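Single-letter residue listing:
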Amino acid sequence: MRMKFFFTSGGTESDNWAIKGTAFASSMLKNTIVTSCIEHHAVLKSCEFLENKGYSVVYLPVNPMGLITSDTLTRMVSENTCLVSVMMVNNEIGTIQNVKELAALAHAKGSLFHTDAVQAIGHIPVDVKELNVDMLSASAHKFGGPSGIGFLYIKKGTCIAPMMNGGQQEHGLRAGTENVASIVGMTVALKESIANIGNNIKIAELEKKIISTLQSNGLIVGKDFVVNGDGDNKMPGILSISFNEKDGESILHRMDLMGIMISTGAACDSVHTRVSHVIRAIGVAKNFAKGTIRISLGLDNTLEEATLIGEALVKIIEKKGD
């Protein structure tokens, strides 16, 4: 099989296929999937589905920065593990995992390795050969392409069951006529995003501007707010902040009235107001956790806008009676 990239409807389908397809193609003697407790729901729900089918799932804990340590994976993966699935960049706090190291540890135990790279592709350098992953998921809308199109990279020789049955499209592994127009759009968007990766330093400056605006207006890190994730190993553009004794949903609505759109967690889970599984997993204190918001930034944003975001947050946070 020469083809390595299979076109899907997006990251959710790619994640489902990687996890379920590997499980269904594996011997029941290797019926365990290892993943982390901060994965996207596309991964977590796929694992839950398999648990209900009799498979075993092990959920890796993370440290307060959202990182999986090599010791943790080594301890929890076994000869019965058919797949380890760990996201490259967390969609809520932006922490970047050491995928290359984790993949090597999984392979040492005879397991395949999949990474959900939906938040990473087009934003940070990604080389599947260097990382030595067996599967990688991506979604076009995350790097400026059309919605409803994505891909799953499958390393040559990887044993995986078909996603859909029918015709012989995509070597019989993903039946159905390909969405050629969206594939072209995705390709153009990805080329443009990769060409602009070097400009991500600008987005990092926007994040710093928001934080410095909060601080210059009297808000204190650790007392009034905390910034979630690994500050030294984080993808620019995903800024998670938790405010002490505040309500994230209230902050969201007040920001909306000011013409500023933010979220309280994952954008695809905006209908729920509960504290996200990611914030719980990294151990954010209860008095901060409920006041968590997520700000998404891109190359189209400006320092002036970052200042406005910071000033708007200050007005909301300093208002009594929340």
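Note that the structure is a prediction, hence the values are computed from the model and not measured.

1. Regarding the layout of surface pockets
Then comes step 1: Taken as a whole, the largest pocket holds about 630 Å³ of empty space.
Then comes step 2: Lining the largest pocket are 24 residues, with His123, Lys142, Phe143, Leu297 and Gly298 sitting closest to its centre.
Then comes step 3: Within the residue set of the lining of the largest pocket, elements represented by two or more residues are helix H6 (180-195), helix H7 (200-216) and strand E10 (292-296).
Then comes step 4: Residue classes in the lining of the largest pocket are distributed as nine nonpolar, 11 polar and four charged.

2. Things to note about a nonpolar patch on the surface
Then comes step 1: On the surface, Val180, Val184 and Val188 cluster together into a nonpolar patch covering about 270 Å² of accessible area.
Then comes step 2: Turning to its location among the elements, Val188 is positioned in helix H6.

3. As for helix H2 (residues 41-52)
Then comes step 1: Counted at 1.5 Å a residue, the expected span for H2 with its 12 residues is 16 Å, and the 16 Å between its end C-alpha atoms agrees.
Then comes step 2: Among the residues of H2, Ala42, Val43, Leu44, Ser46, Cys47 and Leu50 are the ones counted as buried.
Then comes step 3: Looking at the packing, one finds that the buried side of H2 touches helix H1 (11-25), strand E2 (32-36), strand E3 (56-60), strand E4 (81-85), strand E5 (112-116) and helix H9 (277-281).
Then comes step 4: Where H2 terminates, the next one or two residues include Gly54, which has phi positive at roughly 100 degrees.

4. Some points on the sheet that holds strand E6 (residues 135-139)
Then comes step 1: One open sheet holds the seven strands; their spatial order is E1-E7-E6-E5-E4-E2-E3, and the pairing between them is mixed. Taken across any chain shown, the strands that pair with only one partner, and hence form the sheet edges, are strand E1 (5-8) and E3. Direction aside, neighbouring strands of the sheet carry axes that sit 20 degrees apart on average.
Then comes step 2: Here E6 runs beside strand E7 (residues 150-154); their pairing, made up of five bridges, is antiparallel. When the bridges of E7 are listed, Leu136 appears paired with Tyr153.
Then comes step 3: Contacts from H1 reach E1, E2, E4, E5, E6 and E7, with the element oriented near 160 degrees to E6.

Rules used in this analysis
- Residues numbered from 1 in each chain as written.
- Predicted model: local features only at pLDDT ≥ 70, side-chain atom pairs only at ≥ 80, totals over all residues.
- Heavy atoms only, no water.
- 1 Å grid on protein atoms, 1.4 Å probe; cavity = no way out; pocket = protein on both sides within 12 Å on 5 of 7 lines; lining within 4 Å.
- Points joined across faces, edges and corners; volume = space filled by probe spheres on them.
- Helix = DSSP H or I, 4+ residues; strand = E, 2+ residues; numbered from the N terminus.
- Nonpolar A, V, L, I, M, F, W, Y, C, P; charged D, E, K, R; others polar.
- Patch = residues over 30% accessible without salt bridge, like charges linked within 9 Å, V, L, I, M, F, W, Y side chains within 5 Å.
- Areas by Shrake-Rupley, 256 points an atom, 1.4 Å probe, with all protein chains shown as cover.
- Salt bridge = Lys/Arg side-chain N within 4 Å of Asp/Glu carboxyl O.
- Expected span 1.5 Å × (residues − 1).
- Buried < 20%, exposed > 50% of the residue type's maximum accessible area, 1.4 Å probe, protein only.
- Contact = heavy atoms within 4.5 Å.
- Pairing = 2+ DSSP bridges.
- Axes fitted to C-alpha atoms, helices over the stretch in contact; angles between N-to-C directions.

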